[in-house]
Structure formats: C-alpha cells, structure tokens
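Analysis of the macromolecular model
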Amino acid sequence: MRLVFEKRNSVSKKAIVLVPVVSFLVSLILTGILLIIFKTNPFITYSSMFVGAFGSWINFTETLVKAIPLMLTGIGVGLAFRLRFWNIGAEGQLVFGGVAATWVALFWSNFLPPFLVLPTAILMGIIAGALWAGIPAFLKVYLKVDETLVSLMLNYVAILTAQGLYYGAWIDPKGMGFPGTKLFPKSAWLPRFSGRAHVGLFIAILLGLVMWVVLNRTKWGFEVKMSGHNPRAARVMGVDIGKTIITAILVSGAFSGMAGAFEVTAISHRLQQGLAIGYGYTAIIVAWMAQLNPIASLFVAVLMAGLLVGGDQVQMMMGLPAAMGIVLQGMILFPMLAGSLFTDYRLKIITKSTKEEAA
Amino acid sequence: MKNDQNEKYPIVEMIGITKQFPGVLANDTVDLELFSGEVLALLGENGAGKSTLMNILAGLYRADKGKILIKGEEAEINSPKDAMKYGIGMVHQNFKLVPTMSVAENVVLGLDSENFVLDLQKVSSRIKEISNHYNLKVDPGSIIWQMSVGEQQRVEILKLIYRGAEVLILDEPTAVLTPQESGELNRIVKQMTGEGKSAIFITHKMDEVMEFSDWVRVLQKGKLVSVVRTQDTSPKELSRMMVGRDVLFRVEKKKANPGEVVLELENVKAMNDKGLEALKGISFSLRRGEILGIAGVAGNGQRELTEVITGLHKVTEGRVIIGGKDMTNKSPLEVIKSGVSHIPSDRVAMGIVGDMSVANNLAMKEYRKAPLTQHGILNPGRILEMAKKMISSFMISTPAPYTSVKFLSGGNIQKTILAREIGACSTLLVAAYPARGLDVGATESVRKEMIAERDGGKGVLLVSEDLEELMSVSDRIAVMNEGRIMGIVDSAEADIESLGLMMAGVPMEKGK
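Along each chain, residue indices are assigned from 1 in the same order as the chain's sequence is written. Lettering of chains starts at A and numbering of ligands starts at 1, both following the order in which they are written. Two thresholds apply to this predicted model, a pLDDT of at least 70 for residue-level local features and 80 or more for giving and counting side-chain atom pairs, whereas whole-chain, interface and lining totals are computed over all residues. Side-chain measures here rest on the full set of heavy atoms in the structure, leaving out hydrogens and waters.

On to the overall build of chain A, then. Across its full length, chain A carries 15 helices and four strands. The size measure is the radius of gyration over C-alpha atoms, and the globule rule it meets is 2.2 Å times the number of residues to the 0.38 power. For a compact globule of 359 residues, the expected C-alpha radius of gyration is about 21 Å, and chain A comes in at 22 Å, within 12% of that figure. When its C-alpha atoms are laid out on the principal axes, chain A stretches across 90 × 60 × 30 Å. When burial is assessed residue by residue, chain A has 51% of its 359 residues classed as buried. A fraction of 77% describes how many contacts in chain A between residues 6 or more apart in sequence connect residues 24 or more apart. Using a 1.4 Å probe, accessible areas were evaluated by the Shrake-Rupley method; residue-level cover was limited to the displayed protein chains. Of the roughly 16,300 Å² of accessible surface on chain A, 72% is carried by carbon and sulfur atoms. In this charge count, Lys and Arg are treated as positive and Asp and Glu as negative; neither His nor the chain ends contribute. Every charge is mapped to an atom, namely NZ of Lys, CZ of Arg, CG of Asp or CD of Glu. Averaging the positions of the 27 positive and the 13 negative side-chain charges in chain A gives two centres separated by 3 Å. Secondary structure is summarised from DSSP: a helix means a run of H or I of at least four residues, a strand means a run of E of at least two, and numbering begins at the N terminus for each. Working definition: with a 1.4 Å probe on protein chains only, accessible area under 20% of the residue-type maximum means buried, over 50% means exposed, and in between means partly exposed. Any two residues whose heavy atoms approach within 4.5 Å are treated as being in contact.

Laid out in structure tokens, this is it:
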C-alpha cells in the first residue's frame, strides 16, 4: 500500500475552510501533550483560558483590546503577503506609528485646535507606519534588496528609537525617572466604549470590509492579485509591478501604523514600555490563518487575542507561564502550513490489489 | 537496416500500461515493444500520452496498472536510478544540466559509482573516448551555459552512454535544433543502433518519423491506435492515424493585401539578461495586412526582439516605431495602449495567471477600460459576460468561467490567451511560438486566427521555429541568427534548404 498526493482538479473550497479549523484542533492536541508534561490537566487549562478570554463581558473587552491591533496588523501583513512581499516588519511599523502619534499628542496639542489633535495624531501614525514599510519596499523595487531581512531589522531600529525617546528626550520630567512620556492631553485620547475597549474596533472592522471590497472589486485589487500570483505575466499585461508593490506596502504599513497610534492614544495615553509586545509578529499568524482574507482576519484576530488574554489568565490561576498562550499560537502555524497542502492536493491510497487487477 | 528477425529480441516490453491523472486518463492499457538495434517513434497529438508513457518507463511516474518487462523479465522501476539500472535513460525536453558546471562534473553528478574524492581526470578521459567514438565533439572541460543547445543535447546523450544506457528515450529532440543539427543527431542515433543499442523518440513531426525510425506507434487520447513499420507507411497516413482525419498542411489563405507600415525597427540593439549583446542591429518593417515570420533556432535573439517591441526589454540603440509613433523604450502599458497584442513564448509563465479564473484571465487586457471598470471599480458581471462570449467563440473547453486557468490543458490555455489578445488587438499582433506544443487541431485554429488578424488589417509578427508553419502562414520570412537578420525572403519563394543555411548563420547572398 502506498500513499500518494494527487493534484486536485480545482482548488478545494472545503479545504480552505477546514484547514484552519483542523489546524487549530491539532494545535490544541499538541499543546495538550505539552501541558501533560507540565503535569497540568489540559482540559482544565483550556476551559480556564476560554473563560479568561470570553467568559464575561469584562474579560471579553480585554480580548477586544488585544484584537484591535491584531486585526489591523493582520490585514496589513496579509496585503503584503498577497504580493509575496514578506513584510515581517509590522512590529516596527506599529511602534513607529505610535511614536509619530505621540509626537503630535505631546508637541502639537498647543498649536492645533483640540478637535484636530486626535485625527492628526492618528494620521501621522498612519503616515509613519507607511513610510517605515516603504523603506524595504523601495529597496526591493529599485535595488532588489531582500525585503524580509530589511523589514525585520527595521523592527529593532523602531523599537530602540522609541526606547531612546521615552528613556531620554521625551521622558516625563515629573515621572521620577520612570521610563515613559508624560500623559497625553485629553484631546488626544481615543474614546473607549466599554472597559478599555475603544472605538478603534469599529474602524478596524470597517477597514476589513473595505479592504475586501478593494481587493475583489477594484482595478488596483485586480493588479495586486495578478502581481502576487504571477508577476511576470502581470508585467507582460502592462501592470507596473514596482508601483503596485510600493503602493500596497505603503498601505500595509499604514495599517500597522494606525494600530500603533491607537495603542498610544486609546490604551496607554503615553509612550512607554509595552508598546512592542509582539502584535506585529502574531499578525503573521493571523494573516496566514485567515488565508490572507481581510474579513477572516477580523475573526482570527479575536481568536488570537483570546489566546493571549487566556494565557495571562492561566498564569494567574494555574501558575503556568503566560507564554502558554503564545506557545499555542505558534503551535497553530505548523499544522496550518502543512495543511495548506490539502487545498491543492488530495491523498490517494494505492493498494497492491489495484495494481494486480491489471496483471 | 538488418531484416533478420532472429537477431532481434524485444529489449523493452510495456504491457497494459494505465495511468490516471485527475480528470484525464493519460494512458489507457497501452502496449509497447522495442527491439534491440531499432528506433521506435512515438507519435501523437499533444496530450495523447506520449510523454506520460515515457516518463513511466524512465521511472519518473508510476503506472497505476500494467507491467514492464526488460529483456523478458519483469522490472520494478520506481525512480530514474532504477531505470538506469536496467539501461534506460531519457533526454528530456528541458535539459537536466547544471549550467555553471563543466561537462565532466555534470556527467558524474548523482552517480553512486564514483569515489567520494572525484577523479575528474579519469572521468574526462572516458568522456573523450565516448565523444570520439560517436563523434560527438564534446569537450569534458567546457562549461554548460557557454554551449549551444545542440551541444548541450549531445552532453545529455553522452551522460546516458557514460552511465551504460542501452535504451535512449528522446523527448522531442529536434524541437531546438537547426535542420543541420537534426541531421547530426540522426547520424549519432544510427551509429548507436548499429551497435545494438536502441532508441525511442517522441515527436509530432512526420518527416522525422520517416527519416529516423524503424517502427511507429501512434497514440491517440491515451490509447494505442496503430503500430506500423515506417517503411510501410507515409506521412499522410500517419497524420490520419494521429488525428483520425486528414489534416491540411497548407493553410488556406488569400493573397496578402499590405497597407501602411505598422511596425518599423531601425538598427535596434539590445542586451540579453547576461549583459551580452542579443540584438546586433535589427531593421525591418511590417505592414498592416501582412504576416512577417521570424525564423531561427531558439535563443538567437527572438525573445529579445519580441520584448523590445512590446516594451518589456530595453533598447540600447536604434528606434522602434509602432503605427508611426516612436515607441522606443516605452512602458509595456503604453505599447498595449497603442493597440499591440502579445502572445508570449512561455504561455504559462508569461501569458496567464494560473491561480486566477478563466474569466479574469480573459479580462486581463480589457479590465482597465469601461465597461469592465468604471471609476476604478470592477464590474464582475460584465467580466463574466465578456468571458462567456469569448469562451464560446474561441471554443475554450473549461468546466466553468470561474475555474482556475491552471487546471486547463495547454491548448485551452493558449486559446484563452489568444481570445484575450485578439480581442484587444488593433494594430499589431506579436505572436511567439503560438502553436508550440499544441495538437494538430489546435495548431490549425491558431494559424487560422493569425491569418484572420492579417485579413482584418492588422500587422502580425510570427516568431516560430517550425519552418513548415512559417512557410504556410506568413507572407515574408526573416531569418535570425545570433541577433542579426540573415535575410528576408518571400515565403512563396522560400525553401527549407536555404532557410536552414541562414538559420545556421550563412547570410542570404552566400546562401543563394
């Protein structure tokens, strides 16, 4: 008996939905084995994670707080991945967006009319994120520099720049040496609607829908698809690949920059430690698990945020490291990548008997 | 040719070979017999299952059913290595050589029999021995990428002889050769069969079957339809067996009625991707209502020529004028907007986006304009409507308009490209090898479309390596060699012999 992979006649619609779901289940089992090694009951752990993330409205708002940046960065990264542009710099783009928004909130609020402070802060965050992503995009298009390395390295530049600012030039003089800027004026606060959950949620959901329409119903989206799936053919058909890459990556960075601006204006109300906590990397998992679909990214982001919040919960309740949630996230990616094989291929079993019929 | 049947025994027998691919029964209980010292031609249209059958024999695929006997004993062939153990080796259409390595290194690559520390000296002297014996003119020290395609093919053959091949499988070996090089290949194969080796070659060129082979097996849609001795048949009979009907070799066409000049090249020069001069001063003009054929062995600047016209490749010197406007080094989009269509040489890599639907692929030229797009917003309904029309008028066989185009057969992919490009063409059609690898039926319809475009008042530039095709379809033929045009002849007055000489680099004056 032999197992062979056979190419499907068409892309399996069923597999597109099934693969992420099954991958999630497989990762639960794999992590469960790990939990048993830690001498913990996986069922109790999972249920307390679930309760911690979704068990009550208060808990759920905390999940939403973490879901918002994951939605935005997930959509942004997903757009870049559609072009096979491996933007793994969402973390840095988010931080840089936060830095730019802080700059506006701290230093422009005296010159701007109050109602303009917040929009300007967010806009500057978006622009900063876009420009930060633009660096690897320009280097790739004009000098053929590998974008993976550049976007990754720029994360450290952005994170250390932010640190330099809140430890140094922008440190709150009345903060008693505590690293962090002074509190933003109220005019730069993004309103919250429940607990710490803020209106950024609605903006993220709206943008997810808009992005889907843009990708599927516009000329530009059509060109992104062509360039992503077959850049050579797209070029023959008259698409300016370089322009498509640059515009798409600017948009990709803009999403992360906006996420950073939301974090500082809605959550911390200052620039401080804790802005770079890995949303930009988790975004990669969000994007893949959502199969680069912006609407699916919204739901996956909530799930991933739930894992983060639930992970914190099990740390407090069961004395497990909070990293368990992150382990679970990582565990999802493996079956996910392995499983994507099944959208294009199916397993076929060849037995001895099928061969002998012929003989 | 020895006729003594007693001396010959079947060296390879394939019995009841069946191979199923998704949606396609590639081989349906096919039998094959190959005698030692003979050449078997495997003839069939595209998608008839010739390559599948040979890939099974060479160990790249496994048959779902059936068995293979080598010298009368059942053989289990699971890999090319297994095949080699039985003395079977294959020269693929795309050579499997490492371009940056020498001949000797390529020959020993992957061999278990060599010691861990290579003795390239010993290998080289053995290569020289084989090369001299068969007069292959291969130097073991040469680097592959510096060699011509013909030379590379001889390296492939040498590689197989070195490994002790008794049976050589050649997959469309002459597709990339000049007529003169084909003759040389024929001589090498004859010498080998004279020594008791045997060969199978896959082809759809009739004249080669007649010239090269002792036996012919004809496949049609995965089934073996006939087995004949070459001396007992004719090209006409063979082509009937191949398609099940008589085929027009000459395409019906009216006399050309050339109008104004639509494309003019003035001393155009361009580099190739390696930075070497690929076009060394090309000048010609093409009129509306005319088909200009470009003949030549692949790799003599044809690709660069089509790409400088379509804006995909930089011109270093000279001018490209399309429809009276200077289009030198304009972007592909500007060229497209001037009404130029392009059927690229590599249809899967450059002509389609495989993961997108047939409908979207059909829209890839028109999507920029109304009615498909308004204010940057696509209208999927109109795209589908247009696609349905194209699918029916070009008879593209697809399960649905929204099927990914990669699931279509080569012929239907080409029809998809053709439908799109002809739909968008208003001045000039640049077609590179539009019928390459297509079956007789599809080839015929592609050629008819070319002529219809001509009769519709457009200029057609047809690049092809099939002289037969160029002579029947085009009105004039320009022959390229090493980035130069060796001469332009009226296709009515052209003959294969003189075209072949020009392809080999002899300018027209001397050739005549």
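The rest of the description comes next.
By convention here, the domain bounds are inherited from an automatic or database domain assignment. By domain assignment, chain B separates into domain 1 (10–243), domain 2 (257–339 + 428–442 + 457–512) and domain 3 (346–424). Each of domain 1 of chain B and domain 3 of chain B has a C-alpha centre, and these two points are 37 Å apart.

On the side of chain B, 39 residues touch chain A, which itself brings 30 residues to the contact. Reported buried area values correspond to the accessible surface (1.4 Å probe) lost by two parts on association, with both partners' losses combined. Approximately 3,100 Å² of surface area, both sides summed, lies buried where chain A meets chain B, with 59% of it carried by carbon and sulfur atoms. Ranking the residues of chain A by area buried against chain B places A:Phe222, A:Val236 and A:Met237 at the top, with a combined share of 23%. Counted as salt bridges are all cases of a side-chain nitrogen of Lys or Arg within 4 Å of a carboxyl oxygen of Asp or Glu. Our count for the chain A to chain B interface comes out at zero salt bridges. Only strand 1 (2–7), helix 7 (200–217), helix 8 (219–229), helix 9 (231–236) and helix 15 (352–356) of chain A provide two or more residues apiece to the side of chain A that touches chain B. Broken down by element, the side of chain A that touches chain B gets its largest block of residues, six residues, from helix 8 of chain A.

Moving on, we come to the side chain of A:Ser227. Residues and elements named next belong to chain A. Along the polypeptide, Ser227 turns up in helix 8. With a relative accessible area of 4%, Ser227 lands in the buried category. Nitrogen and oxygen atoms within 3.5 Å of one another constitute a polar contact, given that in protein one can donate a hydrogen and the other can accept it, and given that sequence-neighbouring residues count only through two side-chain atoms. There is a polar contact of 2.6 Å between the side chain of Ser227 and the backbone oxygen of Glu223. If we skip the residues at most four places from it in the chain, Ser227 touches Leu83, Ala234, Val239, Ile241 and Thr244.

What follows is about the side chain of B:Gln414. Residue and element names in this part refer to chain B. Locating Gln414 in the fold gives a position in helix 14 (residues 410–424). Overall, the relative accessible area of 1% leaves Gln414 in the buried class. Of note is the side chain of Gln414, whose polar atom sits 3.1 Å from the side chain of Arg347. In this structure the side chain of Gln414 is engaged in a polar contact, spanning 2.7 Å, whose partner is the backbone oxygen of Pro434. Contact partners of Gln414, with chain neighbours within four places excluded, come to Ile343, Arg347, Tyr433, Pro434 and Leu438.

With that out of the way, let us pick up the sheet that holds strand 7 (residues 167–171) of chain B. All names here are of chain B. The criterion for strand pairing is that DSSP finds at least two bridges linking the strands in question. Strand order across the open sheet formed by six strands is 6-7-8-3-9-10, with mixed pairing between neighbours. The outermost strands of the open sheet, each flanked by one partner alone, are strand 6 (88–91) and strand 10 (223–229). When the angles between neighbouring strand axes are averaged without regard to direction, this sheet yields 20°. Here five bridges tie strand 3 (residues 39–44) to strand 8 (residues 198–203), and the two strands are oriented parallel to one another. Paired with Ala41 across the two strands is Phe201, which belongs to strand 8. Packed on one face of the sheet, helix 5 (residues 149–162) meets strand 6 and strand 7 and runs near 170° to strand 6. Axes, fitted as lines to C-alpha atoms, cover a helix only where it is in contact. Angles between the N-to-C directions of the axes lie from 0 to 180 degrees.

To describe a pair of aromatic rings, you give the distance between the ring centres and the angle between the ring planes. Residues and elements named next belong to chain A. Working definition: rings of Phe, Tyr and Trp (its six-membered ring) pair if their centres are within 6.5 Å, and the pair is stacked with planes under 30 degrees apart, edge-to-face with planes over 60 apart, and tilted otherwise. Counting across every chain of the model gives 14 aromatic pairs over all chains. Seen from their ring centres, Trp57 and Phe60 are 5.9 Å apart, and the 50° between their planes marks the pair as tilted. Of this pair, Trp57 and Phe60 both sit in helix 3 (residues 57–82), separated by three residues, roughly a single helical turn. Through a chain of ring-to-ring contacts, the aromatic side chains of Phe50, Phe54, Trp57 and Phe60 assemble into a single cluster. Sitting over the face of the ring of Trp189, Lys186 holds its NZ or CZ atom 4.8 Å from the ring centroid. Charges are assigned to positions over rings by a cutoff of 6 Å between ring centre and Lys NZ or Arg CZ, combined with an angular limit of 35 degrees from the ring normal.

Caution applies to low-pLDDT parts of the model: their predicted coordinates are not meant to be read in detail. pLDDT is a residue-level measure of predictor confidence that goes from 0 to 100. In the predicted model, chain A carries a mean pLDDT of 89, and the fraction of residues at 70 or more is 95%. Taken together, the stretch residues 353–359 of chain A has pLDDT below 50 and engages in nine contacts with residues farther than four places along the chain or on a different chain.

This part covers the nonpolar core. In terms of nonpolar packing, the biggest core is built from 91 residues, with A:Leu70, A:Met71, A:Leu72, A:Met226 and A:Met304 touching the most fellow members. If you tally residues by element for this core, the top one is helix 10 (residues 241–268) of chain A, at 13 residues. In contact with A:Leu72, not counting residues within four places along its chain, are A:Ala204, A:Leu207, A:Phe255, A:Met258, A:Ala259 and A:Phe262. In plain words, nonpolar cores are sets of buried Ala, Val, Leu, Ile, Met, Phe, Trp, Tyr and Cys residues tied together by side-chain atoms within 4.5 Å. Of all hydrophobic cores here, the second largest spans 46 residues; its members include B:Ala387, B:Ile413, B:Met471 and B:Met502.

With that settled, consider the pattern of salt bridges. Residue and element names in this part refer to chain B. Per the stated rule, a full pass over the model turns up 26 salt bridges over all chains. Residues Lys269 and Glu317 are paired through a salt bridge, measuring 4.0 Å at the closest nitrogen-oxygen approach. Placement of Lys269 in strand 11 (residues 261–271) and of Glu317 in strand 14 (residues 317–322) is noted, with a sequence separation of 48 residues between them. Taking relative accessible area as the criterion, Glu317 reaches 40% and is therefore assigned partly exposed. One salt bridge in this structure joins Arg447 and Glu469, with 3.0 Å as the shortest N-O distance. Pair noted here: Arg447 is in helix 15 (residues 440–455) and Glu469 is in helix 16 (residues 467–473), with a separation of 22 residues, a long-range link. There is no split in this pair, since Arg447 and Glu469 are both buried.

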